[in-house]
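Overview (structure and organization)
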Amino acid sequence: MSLTNDFFIEEEIEGALFRLLDEPVNYFLREMELKAPPLDVCGKPGGEAIYPDVFLSECERTEKERIIRIDAYSVSVTFPVPDSEEADVYCFACAAAFEKALDANPTLGGMANRAVLTGKKYTRPKSPAAGKNGNLSCPCG
């Protein structure tokens, strides 16, 4: 594991992602005609906001990356959108705003050489009677 300024590199990557979610992604969500709930990266779930989850894992490295000691990570950002009639649209809006923010800042503020969105997946609740407690999950990564 590499240490940079007494922090783990994973901690710095997560911080950069949360800053991306808090500022530019929320900005793009506000600029859309659709009024999607804002992202709340530091609050407690339960309100009208969407509380994204960030999952970070180390990737397998090529021989070249091992020799020159380059770390590679995979990150999955999930937007659990509260169940409503607009849930699908909110999910698509969050994914689009995240993609736009990442395209505008592919180095995560200098934290990475390159961050790339490799896929989007939209998952419906497991049970059709999920009701008000169900979530539509939108992992991007």
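Use the structure listed above.
The notes below deal with the structure included here. Quick caveat: nothing in here was measured; it's all calculated off a predicted structure.

Scanning the chain for helices and strands turns up 3 helices and 7 strands. Mapped in sequence order, the helices and strands of the chain form the string β-β-α-β-α-β-β-α-β-β. Split into buried and exposed, the 141 residues of the chain put 30% on the buried side. When the accessible area of the chain is evaluated, it comes to approximately 9,200 Å², of which 52% is carbon and sulfur surface.

Taken together, the side chains of I67, I68 and I70 define a hydrophobic patch exposed on the protein surface, amounting to about 280 Å² of accessible area. The topology assignment puts I67 in helix α2 (residues 63–67).

Let us look at the pattern of salt bridges. For the structure shown, the criterion picks out 1 salt bridge. The salt bridge involving E99 is made with K120; its shortest N-O contact spans 2.7 Å. Linking E99 in helix α3 (residues 87–104) with K120 in the loop between α3 and β6 (135–136), this pair joins segments that are 21 residues apart in sequence. Given a relative accessible area of 28%, E99 falls into the partly exposed group. Owing to a relative accessible area of 38%, K120 belongs among the partly exposed residues under this scheme.

So, on to the environment of C42. Residue placement: C42 occurs in the loop between α1 (9–31) and β3 (53–58). For the pair C42 and D22, spaced 20 residues apart in sequence, the C-alpha separation works out to 8.8 Å.

A few words now on the nonpolar core. Of all hydrophobic cores here, the largest spans 28 residues; its most connected members are L17, L21, V25, L29, L39, F79 and F98. At the level of secondary structure, the elements contributing two or more residues to this core comprise α1, β4 (73–78) and α3.

A few words on unusual backbone geometry. Unlike most non-glycine residues, L108 shows phi in positive territory, near 55 degrees. Tracing the sequence through the fold places L108 in the loop between α3 and β6. A residue is classified by how much of its surface remains accessible, and L108, at 9% relative accessible area, is buried.

Our next topic: α3. Compared with the 26 Å implied by 1.5 Å per residue over 18 residues, the 26 Å span of α3 between its first and last C-alpha is a close match. The set of residues buried in α3 consists of A87, Y90, C91, A93, C94, A95, A97, F98, A101 and L102.

Taking 1.5 Å of rise per residue, the 23 residues of α1 would be expected to cover 33 Å, and the 32 Å separating its terminal C-alpha atoms lies within 8% of that figure. Bending of α1 peaks at approximately 30 degrees at the position of V25. By the burial criterion, the buried members of α1 are I9, E12, I13, A16, L17, L20, L21, V25, N26, F28 and L29.

Calculation criteria
Residues numbered from 1 in each chain as written. Predicted model: local features only at pLDDT ≥ 70, side-chain atom pairs only at ≥ 80, totals over all residues. Heavy atoms only, no water. Helix = DSSP H or I, 4+ residues; strand = E, 2+ residues; numbered from the N terminus. Buried < 20%, exposed > 50% of the residue type's maximum accessible area, 1.4 Å probe, protein only. Areas by Shrake-Rupley, 256 points an atom, 1.4 Å probe, with all protein chains shown as cover. Patch = residues over 30% accessible without salt bridge, like charges linked within 9 Å, V, L, I, M, F, W, Y side chains within 5 Å. Salt bridge = Lys/Arg side-chain N within 4 Å of Asp/Glu carboxyl O. Core = buried A, V, L, I, M, F, W, Y, C linked by side-chain atoms within 4.5 Å. Expected span 1.5 Å × (residues − 1). Bend = angle between axes of the 7 residues up to and from the residue.

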